[in-house]
Amino acid sequence: MFEKLSSVASHYEEINRRLMEPGVTGDQAAYTALMKEYSRLTPIVEAYRDYQRAQEAVEEARQLLEEEGSDREMRQLAQEQYDENRQRSQELAQQLTLLLLPRDPNDDKNVIVEIRGGTGGEEAALFAGSLYRMYVMYAERRGWQWELIGANETELGGYKEVCFSITGEGAYSRLKYESGVHRVQRVPETETQGRIHTSAATVAVLPEAEEVELELDPKDLQIDVFRSSGAGGQHVNKTSSAIRITHLPTGMVVECQDERSQYKNKDKALKVLRSRLLDIKVREQNDKIATERRSQVGSGDRSERIRTYNFPQGRVTDHRIGLTLYKIGSILDGDLDELLDALMTADQAEKLKQAQQD
């Protein structure tokens, strides 16, 4: 591990040197790429340097303890320095092991989120709307930008399906754990006898695909134009600006009617289509990996029930890690960090366990 860290530190210094070169500072693309790599390596190199300093302090303290004739007070100080920096070294070594784990190549990407109401009819659609609001509020808490791509709204204000993008640093690295079936237990507004109903909605978090990552052949696309429509005939666009794109090889269909511009709707629909196709490609690659080597938390299986929101008890339970929090109101208002931090920690622990078995 430490040979690798030494190599990383050398590479880091080389990037730092190149960032000062006039030829690089004048090339925006090259400069941006180098800065991105520099930022990624910074926490690793800083932790490695802290580890080296702690190790040097341990060695100095050990030499003082071995010296003959040292007075009692000096030996006590040396022992404290030795114990403190030895513990610090161990903590930093663990931190470095985690930092060197293979990164998800999509972690730095923006995301496209698709939410669909599942079992439960209108109540499921209302719950899909609650999840949409939750993620939008979480994005705003973190200073991320979000944009609606398309929605199929119901009469009561729920969503049969809603699709939106979130743009911000680390968006996919945090939100990727949200893919799966979310279940809600509550008394619906339409229930007159006060009975608790169970409904569900499916969330798909897709890393946003760049054009260079997944090139679409125009011959594979059937593009149809139609008039927008809304729930109950509201917000109807009287021009034919809505776009439906069918990917002929897979039969995948994407619609976008949020914008009044046909061209903007087409761009958004293509963005969603690329991201869905990239997601399928990644999943096919992951399926080739043995089950025991898959991440416990980060599998993103959308047929798996991952979380239950129980309104009568005011609790939210994540079934993958057995975590229950009794603050359903604040979670649905976008306070997701405690949940997501726990999921990330569990994911790292599983990857560390796998790395140690290799």
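Just so we're clear, the structure is a prediction, and the values are computed from it rather than from any experiment. One numbering rule holds for all chains: residues counted from 1, following each sequence as written. Whole-chain, interface and lining totals are the exception, using all residues; otherwise, since this is a predicted model, local features are given only for residues with pLDDT of at least 70 and side-chain atom pairs are given and counted only at 80 or more. Side-chain numbers come from the whole structure's heavy atoms, not from hydrogens or water.

Attention now moves to the overall build of the protein. Each helix and strand counted, the protein has nine helices and eleven strands in total. The contact rule is simple, with two residues in contact once any of their heavy atoms fall within 4.5 Å. Within the protein, contacts between residues separated by at least 24 positions form 62% of all contacts whose residues are at least 6 apart in sequence. Where helices and strands are cited, they refer to DSSP runs of H or I of at least four residues and of E of at least two residues respectively, numbered from the N terminus.

What follows covers the sheet that holds strand β4 (residues 180-186). With respect to topology, eight strands assemble into an open sheet ordered β2-β3-β1-β5-β4-β9-β10-β11, the strand pairing being mixed. The sheet is open, and its two borders are formed by β2 (145-153) and β11 (323-325), each paired with just one other strand. The sheet shows a mean angle of 15° between the axes of neighbouring strands, direction not considered. The rule for pairing is simple: two strands pair if DSSP sees at least two bridges between them. Note: β2 against strand β3 (residues 159-167), eight bridges, orientation antiparallel. Across the sheet, Trp146 pairs through a bridge with Ile166, a residue of β3. Structural elements are reduced to axes, namely lines fitted to C-alpha atoms, with helices fitted over the stretch in contact, and the angle between N-to-C directions of any two is expressed from 0 to 180 degrees.

Note on placement: Gln87 falls in helix α4 (residues 72-99). A C-alpha to C-alpha distance of 9.0 Å links Gln87 and Ala54, two positions 33 residues apart in sequence.

Now for the packing of aromatic side chains. Here is the rule: rings of Phe, Tyr and Trp (six-membered ring for Trp) pair when centre to centre is within 6.5 Å. Planes less than 30 degrees apart are stacked, more than 60 are edge-to-face, and the remainder are tilted. Per the counting criterion, the structure on display carries seven aromatic pairs. Look at Phe127 and Tyr309: their rings are 5.4 Å apart centre to centre, the planes differ by 65°, and that puts the pair in the edge-to-face class. In this pair, Phe127 is assigned in helix α5 (residues 122-141) and Tyr309 in strand β9 (residues 305-310), connecting sequence segments 182 residues apart. By the burial criterion, Phe127 is buried, and Tyr309 matches it. Plain terms: the ring middles of Tyr132 and Phe164 are 5.0 Å apart, the flat faces sit at 55° to each other, and that makes the pair tilted. Of the two residues, Tyr132 sits in helix α5 while Phe164 sits in strand β3, which places them 32 residues apart along the sequence. Exposure is judged per residue with a 1.4 Å probe applied to protein chains only, and the accessible area is read against the type maximum: over 50% gives exposed, under 20% gives buried, and values in between give partly exposed. With relative accessibility at 0%, the residue Phe164 sits in the buried group. Taken together, the ring pairs connect Tyr132, Trp146, Tyr159 and Phe164 into an aromatic cluster. Placement of a charge over a ring requires the Lys NZ or Arg CZ to be within 6 Å of the ring centre, with the centre-to-atom vector within 35 degrees of the ring normal. The aromatic ring of Phe226 is capped on one face by Arg244, whose charged end is 4.3 Å from the ring centroid.

Looking now at the packing of helix α3 (residues 28-66) against α4. Taken N-terminus to C-terminus, the directions of α3 and α4 make an angle of 155°; their axes are 8 Å apart at the nearest point. It follows that α3 is roughly antiparallel to α4 by the angle criterion. When you trace α3 past α4, the crossing you get is left-handed. In terms of residue class, the contact of α3 with α4 is built from 17 nonpolar, six polar and six charged. Reported orientations rely on four angle classes, namely roughly parallel under 35 degrees, roughly antiparallel over 145, roughly perpendicular from 65 to 115, and oblique for the rest. In this scheme, a crossing is called left-handed if the near helix is turned counterclockwise away from the far one by less than a right angle; it is called right-handed if the turn is clockwise. Note on residue classes: Ala, Val, Leu, Ile, Met, Phe, Trp, Tyr, Cys and Pro are nonpolar, Asp, Glu, Lys and Arg are charged, and everything else, Gly too, is polar.

Throughout this description, the term salt bridge denotes a Lys or Arg side-chain nitrogen within 4 Å of a carboxyl oxygen of Asp or Glu. Inspection of the entire model under this criterion finds 25 salt bridges. Between Glu161 and Arg116 there is a salt bridge, with the nearest N and O atoms lying 3.3 Å from each other. Separated by 45 residues along the polypeptide, Glu161 in strand β3 and Arg116 in strand β1 (residues 111-117) bring together distant segments of the chain. Classification of Glu161 by relative accessible area gives partly exposed; the value is 34%. Among the salt bridges present, the one from Glu178 reaches Arg307, with a minimum N-O distance of 2.7 Å. Of this pair, Glu178 sits in the loop between α6 (171-175) and β4 while Arg307 sits in strand β9, and the two are 129 residues apart along the sequence. The same class applies to Glu178 as to Arg307, namely buried.

Now for the nonpolar core. The criterion is simple. A nonpolar core is a set of buried Ala, Val, Leu, Ile, Met, Phe, Trp, Tyr and Cys residues joined through side-chain atoms within 4.5 Å. One finds Ile115, Leu131, Tyr135, Ile166, Leu175 and Tyr309 to be the most contacted residues of the largest nonpolar core, which totals 35 residues. Elements represented by at least two residues in this core include exactly β1, α5, β3, α6, β5 (197-207), α8 (328-332) and α9 (337-357). The element best represented in this core is α5, accounting for nine residues. Once you skip the residues sitting within four places of it in the chain, Ile166 turns out to touch Asn110, Val111, Val113, Tyr135, Ala139, Trp144, Gln145, Trp146, Ala171 and Leu175.

Here we take up the pairing of β3. Pairing of β1 with β3, which is carried by six bridges, proceeds in the antiparallel orientation. For Val111, the partnering residue across the bridge sits in β3 and is Ile166. The antiparallel pairing of β2 with β3 creates a hairpin that spans five residues between the two strands, and Gly157 there sits at a positive phi of about 95°.

In this section: α5. Expected span of a helix, by definition, is 1.5 Å for each gap between consecutive residues, and there is one gap fewer than residues. The end-to-end C-alpha distance of α5, which contains 20 residues, comes to 29 Å, matching closely the 28 Å that a straight helix rising 1.5 Å per residue would cover. Of all 20 residues in α5, 14 are buried; the element is thus mostly enclosed. Once α5 finishes, Gly143 follows within two positions and takes phi at roughly 75°, a positive value.

What follows concerns helix α1 (residues 2-18). Given 3.6 residues per helical turn, the α-helix brings residues three or four places apart onto the same face. When the terminal C-alpha atoms of α1 are compared, their 24 Å separation across 17 residues agrees well with the 24 Å that a helix rising 1.5 Å per residue should span. Residues of α1 that are buried: Leu5, Val8, Ala9, Tyr12 and Ile15. On an axial view of α1, the arc spanned by its buried residues comes to 120°, and they lie on one face. Close packing links the buried residues of α1 with α3 and α4. The directions considered for the arc run from the helix axis to the C-beta atoms.

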